[in-house]
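Take a look at the letters that make up each chain.
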Amino acid sequence: MGPSRKDCDLPTLAIVVPCYNEQDVLPLTIARLIVELDTLKVNGLVAAASFLYFVDDGSSDLTWPILSAARLDNPSVCALKLSRNFGHQSALLAGLLQARTRCDVSISIDADLQQDAGAMATFLERHRDGAEIVFGVRKSRDTDSRFKRTSASFFYRLMGQMGAGVIPNHADYRLLSAKAMAALSEYSEPDVFLRAICMQLGYRSAIVEFDVSERAAGVSKYSLAKMVKLAVNGVTSFSVAPLRMITLIGLLVFGITLVMSAYILCAALFFGGVVPGWASTTLPIYFLGGVQILCVAIIGEYMAQILTGVKRRPRYLIDEELP
Ligand code: UDP
Ligand code: MG
C-alpha cells in the first residue's frame, strides 16, 4: 500500500449510484463522494481515472440537471439517464453493466448517504486481499422505522427458509470485481435481484460492517408497493419452495378428506340419524376456497416470472449518457 505504488497497478474504481428523484440529497451526495473518491486516490487505493457513475432512474425532478451541472464542475462525475423509472435494481444493473468496460472494480451505494461511504477503503482492502465481492452489512437498524425493521427481518427469515441465500442486513452497498461484473452480465433474467445473484456467483467474498445513518435529505423512494415487489421477486426468482408448499397443502387436504370420508360413511351406515351440520359444511367451503385462491395466486406469480422472462424485453433503456 502507499502512494509509492505505481498508478498502473491500482484498480480503476467506479462508484455506481442509482438516483430516483433525489434532488434534495444529490448536492450533498456528490460533494461527499467526490471527497471520498479523492481520498481513495490520494491514499493509493485506486487509480486516478476512477470515477463516480450516477444513474438517473427516470426522475421527474431536478436530478438530471444537477448531475449535468456537477459533471461540468468535475470530470470524475459521470452519469447515465434511463428513459423512465425502471426501479432500483434495474437502475443499479444498468450502471454496473455500462460502467463495467471502463473500470476494474465497482462499488454500488445508495444516493441518500445512509450507508457510510468511509467503509469503501475497507472494501478495497478486502478486494486487494483476494475477495471478488465485498458485501456491506449494516451494523444496526436503529435508524429504520419499526415497520421497516420488522418487515426486513421477516423477509430475511422467509428468504432463508425458502433456501434462497441472502446475507441478512446486506442491501446493495457492495464491491464487485471485473470478474464478478462479467459473471453478472451473463444473467439475463428480467427482474434482477442483485443481492441473491451476487451470492450465487460463488466467487470469493468478504463482509464489511458499516454504520447506518438517517437519510441525509429527502424521503425514501422505496414505496410499500416497490418493497413488496422486490420481496416477491426475490422469492419467486430464487426459490420454488412456495410451489412445493402447494403440493404439501394438497397432500394434507387429501389426507383430511380421506379421514372425513371414512367418518361420514361410518356415521351414515352404522350410526344413522345423521343431521347434516351447518358448521362442518360451511367451514370447509371458506377454508378450501381461501387455500385454493392462495395456491392459484402463488402459481400466478411464477407464471408472471415466466411470462416476463420469455418476452425478453430490455431491462432498461438509456436516454442519455455523460461518460
Ligand atoms: N431508487 C431508484 N429507483 C427507484 C427507487 C429507488 O434508483 O425506483 C434509488 C434511490 O434513489 C436510492 C436507492 O435506490 O439511491 C435506495 O432507495 P431509498 O434510499 O429511497 O430506499 P430505503 O433506504 O428507504 O429503503
Ligand atoms: Mg435509503
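Scroll up to find the structure this text is about.
Throughout, a residue's number is its position along its own chain's written sequence, starting from 1. Ligands are numbered from 1 and chains lettered from A, in the order in which they are written. Local features in this predicted model are restricted to residues of pLDDT 70 or higher, and side-chain atom pairs are both shown and tallied only at a pLDDT of 80 or more, whereas totals for entire chains, interfaces and linings draw on every residue. Hydrogens and water are ignored here; the side-chain numbers use all heavy atoms of the structure.

**Student:** What is the right way to read the pattern of salt bridges from this model?
**Tutor:** Opposite charge on two side chains lets them pair, provided their charged atoms get close. We define a salt bridge as a contact between a side-chain nitrogen of Lys or Arg and a carboxyl oxygen of Asp or Glu at a distance within 4 Å. Under the defined criterion, the tally for this structure stands at eleven salt bridges. Notably, a salt bridge pairs Asp172 with Arg174, separated by 2.8 Å at the nearest N-O pair. Each of the two residues, Asp172 as well as Arg174, counts as buried. Each of Glu22, Asp112, Arg215 and Lys221 takes part in salt bridges that share partners, so that together they form one network. Think of it in three bands: with a 1.4 Å probe and only protein chains considered, a residue is buried below 20% of the maximum accessible area for its type, exposed above 50%, and partly exposed in between.

**Student:** Sorry, what's going on with the site of ligand 1 here?
**Tutor:** Throughout, near means a residue has at least one heavy atom within 4 Å of the molecule or strand. Glu22, Asp112, Lys148, Ser220 and Lys221 are the nearest of the 18 residues found near ligand 1. Contacts described as polar in this section are N or O atom pairs within 3.5 Å, which, within protein, must combine one atom able to donate a hydrogen with one able to accept it, while residues neighboring in sequence count only if both atoms come from side chains. Residue Ala111 places a main-chain N or O atom 2.8 Å away from an oxygen atom belonging to ligand 1. One of the side-chain nitrogen or oxygen atoms of Asp112 is found 2.6 Å away from an oxygen atom of ligand 1. When ligand 1 sits alone it has 540 Å² of accessible area, and the protein chains cover 93% of it. Classifying every residue of the shell around ligand 1 gives five nonpolar, five polar and eight charged. Each accessible area is a Shrake-Rupley result for a 1.4 Å probe, and residues are judged covered by the shown protein chains and nothing else. Amino acids are sorted into nonpolar (Ala, Val, Leu, Ile, Met, Phe, Trp, Tyr, Cys and Pro), charged (Asp, Glu, Lys and Arg) and polar (every other residue, Gly among them).

**Student:** Just to check I follow, could you spell out the pairing of strand E7 (residues 205-210) for this structure?
**Tutor:** Across a regular strand the side chains alternate sides, sitting on one face of the sheet and then on the other. Only one face of E7 is buried: it carries Ala206, Val208 and Phe210, and the other face, with Ser205, Ile207 and Glu209, is open. Pairing between two strands is assigned when DSSP locates at least 2 bridges connecting them. Numbering of helices and strands runs from the N terminus; a helix is a DSSP stretch of H or I covering at least four residues, while a strand is a stretch of E covering at least two. Inspection of the sheet shows strand E5 (residues 133-138) paired to E7 by six bridges, in the parallel sense. Looking at E7, one finds that Arg138 is bridged to Phe210.

**Student:** Just to check I follow, could you spell out the sheet that holds strand E1 (residues 13-19) for this structure?
**Tutor:** Note: strands within a sheet are paired through backbone hydrogen bonds, in either parallel or antiparallel orientation. Across the sheet, eight strands lie side by side as E7-E5-E6-E4-E1-E2-E3-E8; this open sheet has mixed pairing. Only two strands of the sheet have a single neighbouring strand rather than two, namely E7 and strand E8 (318-322). Mean inter-strand twist for the sheet, computed between neighbouring axes without regard to direction, equals 20°. Of the pairings in the sheet, the one linking strand E4 (residues 105-108) to strand E6 (residues 174-177) comprises four bridges and is antiparallel in character. From the neighbouring strand, Ser106 faces E6, where its bridge partner is Leu176. Whether two residues are in contact is decided by their heavy atoms, any of which lying within 4.5 Å being enough. Simply put, an axis is a line fit to the C-alpha atoms, just over the touching stretch for a helix, and the angle between two N-to-C directions goes from 0 to 180 degrees. Packed onto the sheet, helix H1 (residues 26-42) meets E1, strand E2 (51-56) and strand E3 (77-82) and runs at close to 155° relative to E2. On top of the sheet, helix H3 (residues 88-99) reaches E1, E2, E3, E4, E6 and E8; it is set at about 155° to E1, its chief contact.

**Student:** Looking at this model, I keep getting lost on unusual backbone geometry. Mind explaining?
**Tutor:** Trans is the prevailing form of peptide bonds, just as negative phi is the prevailing case for residues other than glycine. Even without glycine at this site, Asn169 takes up a positive phi of about 65°. Inspection of the secondary structure puts Asn169 in the loop between helix H5 (146-161) and E6. For Asn169, a relative accessible area of 25% translates into the label partly exposed. In the Ramachandran plot, Arg312 falls in the positive-phi region, its phi being about 50° despite a non-glycine side chain. With respect to the helices, strands and loops of the structure, Arg312 is situated in the loop between helix H10 (279-311) and E8. By relative accessible area, which is 64% here, Arg312 ends up exposed.

**Student:** Can you walk me through the nonpolar core in this structure?
**Tutor:** Among buried residues, the Ala, Val, Leu, Ile, Met, Phe, Trp, Tyr and Cys ones that are joined through side-chain atoms within 4.5 Å form a nonpolar core. Among the nonpolar cores identified, the biggest contains 44 residues, and Tyr53, Leu82, Leu176 and Phe193 are the most heavily contacted of them. Those residues within four positions of Phe193 in sequence are excluded, and the remaining contacts are Gln89, Phe155, Met159, Val166, Leu230, Asn233, Gly234, Ser237 and Phe238. In this structure, Phe54, Ala111, Ala117 and Leu124 belong to the second largest nonpolar core, which totals 37 residues.

Geometry only, nothing functional implied.
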